[in-house]
Amino acid sequence: FSSRRRHTRYGTVTGVQTCALPICRSADPVSGLVRVDMTHVGRGVFARRRLAGNIVVGEIRGQVLDTHPEDPQYCMELRSGRLLEPASPLRFVNHSCDPNCELFYWDDDDPAQEDRLWLQTIRPIQAGEELLIDYCWPADAAIPCQCGATNCRGWVVDPAERHLLPETPPLPPPGDAGLRSSS
């Protein structure tokens, strides 16, 4: 993957509910809420239980980098301009053109918060359902999309840049299972 293929669109949020379940107050609340399993595009993140809409699932933890790693497949650009190489389980959140989650920063002027990224639900998620975000990649880094959503754009791309790409993505080479949103 190109170093340009990284998540770059995140909102800022104030007044988001935090999860009230006892597991959310433990040292690693995310692992009690989600599990990693296989999908048609590689690994994905699934809800262990029903998750309400507009709750914080957890912080995207991992290594904060000043330079691009050799394999930037999972890297996410942070507000500071640095990169986050996320750790499991949230490193495996896949793309969908019809997401049920989104990434955000706390709306806070505290400089210690600028390199902290969070995942929240944007609608209720049922137990066993995959957690999905819209990667919103720039057009020059877009790949054919395999999300299967009824409103699929055909490309993993920022909706505002969809017009910059061909109507139909190219077919994968013979014998290739296709490009993956994650693996």
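Every value quoted in this text rests on a predicted model; they were computed, and no experiment measured them.

**Q** So what exactly am I meant to see when it comes to the overall build of the chain here?
**A** For the chain, the helix and strand inventory stands at one helix and 14 strands. Counting the 183 residues in the chain, one finds 49% classified as buried. The long-range fraction of contacts in the chain, counting pairs at least 24 apart against all pairs at least 6 apart in sequence, stands at 65%.

**Q** Whenever I open this one, the pattern of salt bridges confuses me. Can you help?
**A** It is possible for side chains bearing opposite charge to pair when their charged atoms get close. Under the counting rule described, the total for this entry stands at eight salt bridges. A salt bridge links Asp66 to Arg82; the shortest N-O distance between them is 2.8 Å. With a gap of 16 residues between them, Asp66 in the loop between β6 (62-65) and β7 (76-77) and Arg82 in the loop between β7 and β8 (83-86) connect regions that are remote in the sequence. For Arg82, a relative accessible area of 29% gives the class partly exposed. The shortest N-O distance in the salt bridge between Arg91 and Glu85 comes to 3.0 Å. Residue classification places Glu85 among the buried positions, given a relative accessible area of 16%. Through salt bridges with shared partners, a single ionic network connects Glu59, Arg61 and Arg116.

**Q** Would you mind going over the pairing of strand β3 (residues 34-39) with me for this structure?
**A** Residues in a regular strand point their side chains to alternate faces of the sheet. Sheet topology note: the β3/strand β4 (residues 42-47) ladder contains six bridges and is antiparallel. In the strand pairing of β4, Met38 is matched with Arg43.

**Q** Is there a simple way to explain the confidence of the model for the chain in this structure?
**A** Of the residues in the chain, 78% reach a pLDDT of 70 or more, and the chain-wide mean stands at 82. Of the regions scoring below 50 in pLDDT, residues 178-183 engages in 29 contacts with residues more than four places distant in sequence or in other chains.

**Q** Could you clarify how one ought to interpret the environment of Leu84 in this entry?
**A** Tracing the backbone shows Leu84 in strand β8. A relative accessible area of 1% means that Leu84 is categorised as buried. Measuring from C-alpha to C-alpha, the distance between Leu84 and Gln63 comes to 5.7 Å, with 21 residues separating the pair along the chain. In contact with Leu84, not counting residues within four places along its chain, are Ile60, Arg61, Gly62, Gln63, Val64, Tyr74, Cys75, Met76, Leu78 and Leu117.

**Q** Explain unusual backbone geometry here, please?
**A** Most peptide bonds take the trans configuration, and most residues that are not glycine carry a negative phi. Residue Ser88 is joined to Pro89 through a cis peptide bond whose omega torsion reads 10 degrees. Its identity is not glycine, yet Asn54 carries a phi of approximately 60 degrees, on the positive side. Residue position: Asn54 is located in the loop between β4 and β5 (55-60). Non-glycine residue Cys136 carries a positive phi angle of around 55 degrees. Inspection of the secondary structure assignment puts Cys136 in the loop between β12 (132-133) and β13 (143-144).

**Q** Please explain the environment of Cys145 as it appears in this structure.
**A** Counting through the fold element by element, Cys145 comes out in the loop between β13 and β14 (155-156). Sequence separation between Cys145 and Trp155 is 10 residues; the distance between their C-alpha atoms is 4.4 Å. Each residue touching Cys145, except ones within four places of it in the same chain, is listed here: His95, Cys97, Cys152, Gly154, Trp155 and Val156.

About the criteria used
- Residues numbered from 1 in each chain as written.
- Predicted model: local features only at pLDDT ≥ 70, side-chain atom pairs only at ≥ 80, totals over all residues.
- Heavy atoms only, no water.
- Helix = DSSP H or I, 4+ residues; strand = E, 2+ residues; numbered from the N terminus.
- Buried < 20%, exposed > 50% of the residue type's maximum accessible area, 1.4 Å probe, protein only.
- Contact = heavy atoms within 4.5 Å.
- Salt bridge = Lys/Arg side-chain N within 4 Å of Asp/Glu carboxyl O.
- Pairing = 2+ DSSP bridges.
- pLDDT = per-residue confidence, 0-100.

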